[in-house]
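# Examining the three-dimensional arrangement
One-letter residues, chain by chain:
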Amino acid sequence: TKPRHWTLICSCSAGALASWITSPLDMAKLRLQVQRGQRASSQVSSTEPVLYDTVWDCLVDSYRRNGMKGLFRGAGARVLHFAPATTVTITSYEVCRSFFAKSLASHV
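Being a predicted model, the structure only gives us computed values, none of them experimental.

A word on helix H1 (residues 4-21). Here H1 contains 18 residues, and its C-alpha end-to-end distance of 26 Å stays within 8% of the 26 Å for a straight helix at 1.5 Å per residue. Among the residues of H1, Thr7, Ser11, Gly15 and Ser19 are the ones counted as buried. Buried residues of H1, viewed axially, fall in a sector of 75 degrees; they line one side. Facing away from the buried side of H1, by more than 90 degrees, are the exposed residues Leu17 and Ile21. Elements in contact with the buried residues of H1: helix H2 (23-40) and helix H4 (75-107).

Next up on the list: the environment of Asp57. Among the secondary structure elements, Asp57 is positioned in helix H3 (residues 55-71). Judged by relative accessible area, which is 30%, Asp57 ranks as partly exposed. Separated by 29 residues in the primary sequence, Asp57 and Ala28 place their C-alpha atoms 8.7 Å from one another. Looking at Asp57, its side chain comes within polar contact range of the main-chain nitrogen of Asp53, at 3.2 Å.

Glancing now at the side chain of Ser23. One can find Ser23 in helix H2. In this structure Ser23 comes out as buried when scored by relative accessible area, which is 2%. Excluding its chain neighbours within four sequence positions, the residues that come into contact with Ser23 are Leu71, Phe72, Arg73, Gly74, Ala75 and Arg78.

Moving on, we get to a nonpolar patch on the surface. Together, Leu17, Trp20 and Ile21 give the surface a local cluster of nonpolar side chains, amounting to about 320 Å² of exposed area. With respect to the helices and strands, the residue Ile21 is situated in helix H1.

Both the distance between ring centres and the angle between the ring planes are used here to describe each pair of aromatic rings. Under the criterion given, the structure shown has 2 aromatic pairs. Taken together, a centroid distance of 5.1 Å and an interplanar angle of 75 degrees make the contact between Phe99 and Phe100 edge-to-face.

On to the state of the cysteines. All told, the structure shown has 0 disulfides when counted by the stated rule. Here Cys12 stays unpaired: no disulfide links it, and the sulfur of Cys10, its closest cysteine neighbor, is 10 Å away. As a non-bridged cysteine, Cys96 has Cys10 as the owner of its nearest cysteine sulfur, 19 Å distant. Cys96 gets classed as partly exposed once you look at its relative accessible area, which sits at 42%.

In an α-helix, one turn spans 3.6 residues, which is why side chains three or four residues apart end up on the same side. Taking 1.5 Å per residue as the helical rise, H2 with its 18 residues ought to reach 26 Å, and the 26 Å between its terminal C-alpha atoms agrees with that figure. If you check which residues of H2 are buried, you get Ser23, Pro24, Met27, Ala28, Leu32 and Gln35. Along its buried surface, H2 packs onto H1, H3 and H4. Of the residues trailing H2, Ser42 is marked for its positive phi of about 60 degrees.

About the cut-offs
- Residues numbered from 1 in each chain as written.
- Predicted model: local features only at pLDDT ≥ 70, side-chain atom pairs only at ≥ 80, totals over all residues.
- Heavy atoms only, no water.
- Helix = DSSP H or I, 4+ residues; strand = E, 2+ residues; numbered from the N terminus.
- Expected span 1.5 Å × (residues − 1).
- Buried < 20%, exposed > 50% of the residue type's maximum accessible area, 1.4 Å probe, protein only.
- Arc of directions from axis to C-beta.
- Contact = heavy atoms within 4.5 Å.
- Polar contact = N/O pair within 3.5 Å; in protein donor to acceptor, adjacent residues only side chain to side chain.
- Patch = residues over 30% accessible without salt bridge, like charges linked within 9 Å, V, L, I, M, F, W, Y side chains within 5 Å.
- Areas by Shrake-Rupley, 256 points an atom, 1.4 Å probe, with all protein chains shown as cover.
- Salt bridge = Lys/Arg side-chain N within 4 Å of Asp/Glu carboxyl O.
- Phe/Tyr/Trp six-rings, centres within 6.5 Å; stacked < 30°, edge-to-face > 60°.
- Disulfide = S-S within 2.5 Å.

Here's what the structure looks like:
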């Protein structure tokens, strides 16, 4: 089995990288949800044009307005949230898997 620190490092790195890479998609999803929520609660006039029709529209608009920086706005917060969460999840899985593998092997 792998040393525990190796599992911690790899799982933290995986969570950080995955959350950073998918950050633009999450930002677009959030903007679409906010737009839909504002329309549903009548905070925006129904005659006012929709800013974004699709995720792609949102990504393109964000890039045009702010470049790559706009696409990754908020990525640091996502990394700080998901890296520890992924670390706990994967490390817990590995510990349980190891425990049950040893437990079953001793009963055979």
